[in-house]
Amino acid sequence: MVSFGVLGPLTAAGERGPIPLKGPRHRAVLARLLVARGRVVPVSWLVGDLWEEPGQGAVGGPCRRSSGHSGRHSNRTARPARRPASWSPHPPGYALRAEPDAVDAWRFESALTDATSRPAAEAYRLLDAALKLWRGPAYAEFADQDWARGEAARLDELRLLAVERRAKAGLAAGLAAECVADLEAHVAAHPLREDGWHLLARSLYATGRQGDALGTLRRARNTLLTELGVDPGEPLRTLESDILSQAPHLTPPPGEETHRPF
């Protein structure tokens, strides 16, 4: 089996360890086909995306060289339960066929979806493991390429969503203290995401830091006014009122929510 990493610099690995990817053009062809997620990419698109002045056989060469690393040709009739990833020519284009768990980004998305039906503590662990798959920006070395930019931005947005969902699950599972540090980093890097501020203030309050929670909400208000000229949305305003009144629902009895589907 061959697995691929795109949540950071592009990598490939087989049963015996890392597979060398020969040169920037080889890496770009592989990344371009992984972005397509198994769909056929016409040769004209590959050439237009990856070559300024293509020569004869521009695409075929890297694809043929990769086939030695990526396994069997996909047009064989026998299909085992798990197949190696394979380059597959589909005139007039190419596709890269891989199992659903062969690409780290695909495993990450699957975990993000799966966590929504898990109990809170289990969802927290699942999302925490999924976020550890990230080694840097998605498709990091191709971030300036038009063909990669949209997919990289989509995956990064999902990563931010996963950070916030992990915090929600942590709060429901009684793990507020474990969430605070990650949420501080989250709001520092993405200060316009009101959900991040909301979760940070909730986590601080749940750990007995009422003053810090109110200070966080003031920081959120100042940031939104300075950057956008708007007041916080209703969820942040309501949370501030609830904290000031020490609303009972902010501190549910231990274990009450732990086993509910997240």
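Everything discussed here concerns the structure shown above.
Overview of the structure. The residue numbers shown here count from 1 along each chain, following its written sequence. The predicted origin of the model limits local features to residues at a pLDDT of at least 70 and limits the giving and counting of side-chain atom pairs to 80 or more, whereas totals for whole chains, interfaces and linings rest on all residues. As a convention, hydrogens and water are excluded, and side-chain values are obtained from all of the structure's heavy atoms.

Attention now moves to the overall build of the protein. By the criteria applied, helices consist of DSSP H or I runs no shorter than four residues and strands consist of E runs no shorter than two, each listed in order from the N terminus. Across its full length, the protein holds 10 helices and 6 strands. Burial classes follow relative accessibility: with a 1.4 Å probe on protein chains only, a residue under 20% of its type's maximum area counts as buried, one over 50% as exposed, and anything between as partly exposed. In the protein, which comprises 262 residues, the share counted as buried stands at 44%. Only the protein chains shown count as cover for residues, with accessible areas throughout obtained via the Shrake-Rupley method and a probe of 1.4 Å. When the accessible surface of the protein is summed, it comes to about 13,500 Å², and 52% of that surface belongs to carbon and sulfur atoms.

With that settled, the discussion passes to helix 7 (residues 176-189). Note: α-helices contain 3.6 residues per turn, so residues at a spacing of three or four share the same orientation. Its 14 residues place the ends of helix 7 20 Å apart at the C-alpha level, agreeing with the 20 Å of an ideal helix rising 1.5 Å per residue. If you look at helix 7, its biggest bend is around 30 degrees, right at Asp-182. Inspection of helix 7 places Ala-176, Cys-179, Val-180, Leu-183, His-186 and Val-187 among the buried residues, and these make up the whole buried set. Contact definition: two residues touch when any of their heavy atoms are within 4.5 Å. Each element contacted by the buried residues of helix 7 is listed here: helix 5 (120-131), helix 6 (146-172), helix 8 (194-206) and helix 9 (210-228). Multiplying one less than the number of residues by 1.5 Å gives the expected span of a helix. To get the bend at any residue, fit one axis to the seven residues that end at it and another to the seven that begin at it, then take the angle between the two axes.

Turning to the packing of aromatic side chains, a few remarks are in order. Stacked, edge-to-face and tilted labels apply to pairs of Phe, Tyr and Trp rings (six-membered ring for Trp) whose centres lie within 6.5 Å, assigned for plane angles under 30 degrees, over 60, and everything in between, in that order. Overall, the coordinates contain 2 aromatic pairs when judged by the stated rule. Geometrically, the ring pair formed by Phe-108 and Trp-134 is edge-to-face, given 5.5 Å between the ring centres and 85 degrees between the ring planes. Placement of the pair is Phe-108 in helix 4 (residues 104-114) and Trp-134 in the loop between helix 5 and helix 6, with a sequence separation of 26 residues. Like Phe-108, the residue Trp-134 is buried in the burial classification. Across the ring face of Trp-134, the terminal group of Arg-159 is positioned such that the distance to the ring centre comes to 5.7 Å. A positively charged side chain is recorded as over a ring if its NZ (Lys) or CZ (Arg) lies within 6 Å of the ring centre. The angle to the ring normal must also be within 35 degrees.

Quick look at the environment of Arg-32 now. Along the chain, Arg-32 falls in helix 1 (residues 23-35). Setting aside its immediate chain neighbours within four residues, Arg-32 contacts Val-41, Trp-45, Leu-46, Asp-49, Leu-50 and Trp-147. Polar contact is defined as a pair of N or O atoms within 3.5 Å, subject to the rule that within protein one atom must be able to donate a hydrogen and the other to accept it, and that residues adjacent in sequence are counted only when both atoms are side-chain atoms. There is a polar contact of 2.8 Å between the side chain of Arg-32 and the side chain of Asp-49.

Here we come to a nonpolar patch on the surface. Grouping into patches uses exposed residues only, defined as over 30% relative accessible area, and leaves out salt-bridged ones; the cut-off is 9 Å for like charges and 5 Å for nonpolar side chains (Val, Leu, Ile, Met, Phe, Trp, Tyr). Note on definitions: salt bridges are taken to be side-chain nitrogens of Lys or Arg within 4 Å of carboxyl oxygens of Asp or Glu. On the surface, a cluster of nonpolar side chains totalling about 240 Å² of accessible area is made up of Leu-192, Leu-228 and Val-230. The residue Leu-228 is located in helix 9 in this model.

Before going further, it helps to spend a moment on the side chain of Glu-164. The residue Glu-164 is located in helix 6 in this model. Overall, Glu-164 belongs to the buried group, its relative accessible area being 3%. Every residue in contact with Glu-164, bar those within four places of it in the chain, is listed here: His-186, Arg-193, Asp-195, Gly-196 and Leu-199.

The next subject is unusual backbone geometry. The residue Arg-37 is not glycine, and still its phi comes out positive at about 55 degrees. Inspection of the secondary structure puts Arg-37 in the loop between helix 1 and strand 4 (41-42). Judged by relative accessible area, which is 31%, Arg-37 ranks as partly exposed. The backbone of Tyr-139 shows a phi angle near 50 degrees, a positive value even though the residue is not glycine. Here Tyr-139 lies in the loop between helix 5 and helix 6. On the basis of relative accessible area, Tyr-139 is assigned to the buried category, the value being 3%.

Scope: geometric values only; no functional claims are made or implied.
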